There are 2 protein chains.
Amino acid sequence: MHALIVHAHEEAKSFNGAMTETAIRTLQETGHTVEVSDLYRMRFNPVGGKHDFTTLADPDFFKYGVEQTQATSNKTFAADVVAEQEKLFRADLLIFQFPLWWFGLPAILKGWVDRVFAAGLTYGGGRWYSNGVFRGKRALLSLTTGGPATIYSPRGLNGDIETLLFPIQHGMLYFVGFDVLPPFVAWSVSRSMQEQRAEYLRAYAERLKTWQTTTPLPFPTLDQYDETLQLKPGVSD
Amino acid sequence: MHALIVHAHEEAKSFNGAMTETAIRTLQETGHTVEVSDLYRMRFNPVGGKHDFTTLADPDFFKYGVEQTQATSNKTFAADVVAEQEKLFRADLLIFQFPLWWFGLPAILKGWVDRVFAAGLTYGGGRWYSNGVFRGKRALLSLTTGGPATIYSPRGLNGDIETLLFPIQHGMLYFVGFDVLPPFVAWSVSRSMQEQRAEYLRAYAERLKTWQTTTPLPFPTLDQYDETLQLKPGVSD
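Keep in mind that this is a model prediction, so the values were computed, not measured.

### Comments concerning the overall build of chain A
The helix and strand inventory of chain A stands at 7 helices and 6 strands. Beginning at the N terminus, the succession of helices and strands in chain A can be written as β-α-β-α-α-α-β-α-β-α-β-β-α. Computed over C-alpha atoms, the radius of gyration of chain A comes to 18 Å, within 12% of the 18 Å expected from 2.2 N^0.38 for 237 residues, which places it in the range of a compact globule. Projecting the C-alpha coordinates of chain A onto the three principal axes gives extents of approximately 55 × 50 × 40 Å. A burial count over chain A gives 56% of its 237 residues as buried. A fraction of 74% describes how many contacts in chain A between residues 6 or more apart in sequence connect residues 24 or more apart. Approximately 9,900 Å² of chain A is accessible, and the part contributed by carbon and sulfur atoms is 53%. Computing the positive centroid from 22 side-chain charges and the negative centroid from 25, chain A places the two 3 Å apart.

### Observations regarding the interface of chain B and chain A
For interface size, the figure often reported is the accessible area lost on association. Tallying the contact residues gives 61 residues for chain B and 61 residues for chain A. Both sides of the chain B and chain A interface together cover about 4,700 Å² of buried area, and 62% of this is carbon and sulfur. Three residues stand out in chain B for area buried against chain A, namely W102, R155 and L157 of chain B, and they jointly supply 21% of the buried area on that side. For the interface between chain B and chain A, the tally reads 0 salt bridges. Viewed at the interface, chain A and chain B are joined by 28 residue pairs in polar contact (both at pLDDT 80 or more).

### Here's the deal with the relation of the copies chain B and chain A
Overlaying chain B on chain A yields an RMSD of 0.0 Å, the required transformation being a rotation through 180 degrees with an accompanying axial translation of 0.0 Å. As the rotation angle and translation indicate, the two copies are arranged about a two-fold axis. Among all residues of chain B, the minimum C-alpha distance to the rotation axis is found for A107 of chain B, at 2.4 Å.

About the thresholds
Residues numbered from 1 in each chain as written. Chains lettered and ligands numbered in written order. Predicted model: local features only at pLDDT ≥ 70, side-chain atom pairs only at ≥ 80, totals over all residues. Heavy atoms only, no water. Helix = DSSP H or I, 4+ residues; strand = E, 2+ residues; numbered from the N terminus. Rg over C-alpha atoms; globule rule 2.2 N^0.38 Å. Buried < 20%, exposed > 50% of the residue type's maximum accessible area, 1.4 Å probe, protein only. Contact = heavy atoms within 4.5 Å. Areas by Shrake-Rupley, 256 points an atom, 1.4 Å probe, with all protein chains shown as cover. Lys, Arg positive; Asp, Glu negative; His and termini not counted. Charge placed at Lys NZ, Arg CZ, Asp CG, Glu CD. Buried area = accessible area lost by both parts, 1.4 Å probe. Salt bridge = Lys/Arg side-chain N within 4 Å of Asp/Glu carboxyl O. Polar contact = N/O pair within 3.5 Å; in protein donor to acceptor, adjacent residues only side chain to side chain. Least-squares fit on C-alpha atoms with pLDDT ≥ 70 in both.

In structure tokens:
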């Protein structure tokens, strides 16, 4: 199988860098191929806009979703967007490796999603969630935090990590059909001792050895919603 | 009083553009001054990194938070970051105007937060949440969505809008101390008739006339957490 790691840290010697090195080595050792989009090294432009397209359907009134849908039909995405879309479609496993910045993706990675997960290409016409384009494929968030796990608990000061990651795990990855694996979180690494860091890397390698069989997060499937797109009675949210 | 609108839409003729025009006019008519950071027009760079600083504390190992803290002490932020930080500190009311992209901020606006809300300057040393740097000031999300309100309800397909906005409203705005006003959401505007759009603009103007007295979102205050930063028993989350 084939994996794409989208890596969002500027410092190669960082712990995020070590996480991605661990992922590459582990996945290759277990028989998979890997490619990496190292967004800082690529100087990836995360700003979604007119420059995403080689021609515009309506140059006088820019509507991003309309242009994305047109570009899907006409193959008029700009080269930097096409390159990432091709990587995305090649992948059986998609990993986002990032430090949690302001309780979400660093802008360089958020913009990778804005530009690459284009309307028409990755969703639309009833293709979403359990009927999504990438159904049968798997995705994983691997992240580092500043604060400890306790502060990200349901009654912790920063709020529940599951709630904080919901827009990414459900809203981005599951939206386009991926089975989303439980996130791998390295808590408070900047304040961790070397031994704890090594343990995180060991645990991450173990997690990656079972990515094909790990039970995904239990998001509801489309048949569990009624015709107004509300969860049917009795289905827990 | 003085307002800063951070505007994240490339098309001036868009509904987001009309929302910001409405806000400028309404706030000025009610005696306030307004400035706008029109991020696309400014060609704002949302990528947080080494270029945020005129000098680096450690050129051989880049740690973003450490560099931000140093730059706060040494006044070594790059000019584009300083300009936005000065606007932020001048504002009594901060408005983010944006289309909801992938259940969050467009990258150009997420990166404005990443770079401008710098460690040391906007938080640190016990200054966060109800003890935050911007306490006593107010913030508001004004956003447009593709889907209708029903799909963003607690049992709707996309998940509850409150949950989706939690990382922004609680994690960014309240984190640095703002009182966060209930969001103004213009649902599904691309599919709305002219009359509905005009009604949204009228309702938005009305909302902005009372921004100083509207009850903020009821996030817990620091005294409601125990010494391990968990909500005390009996406090509802």
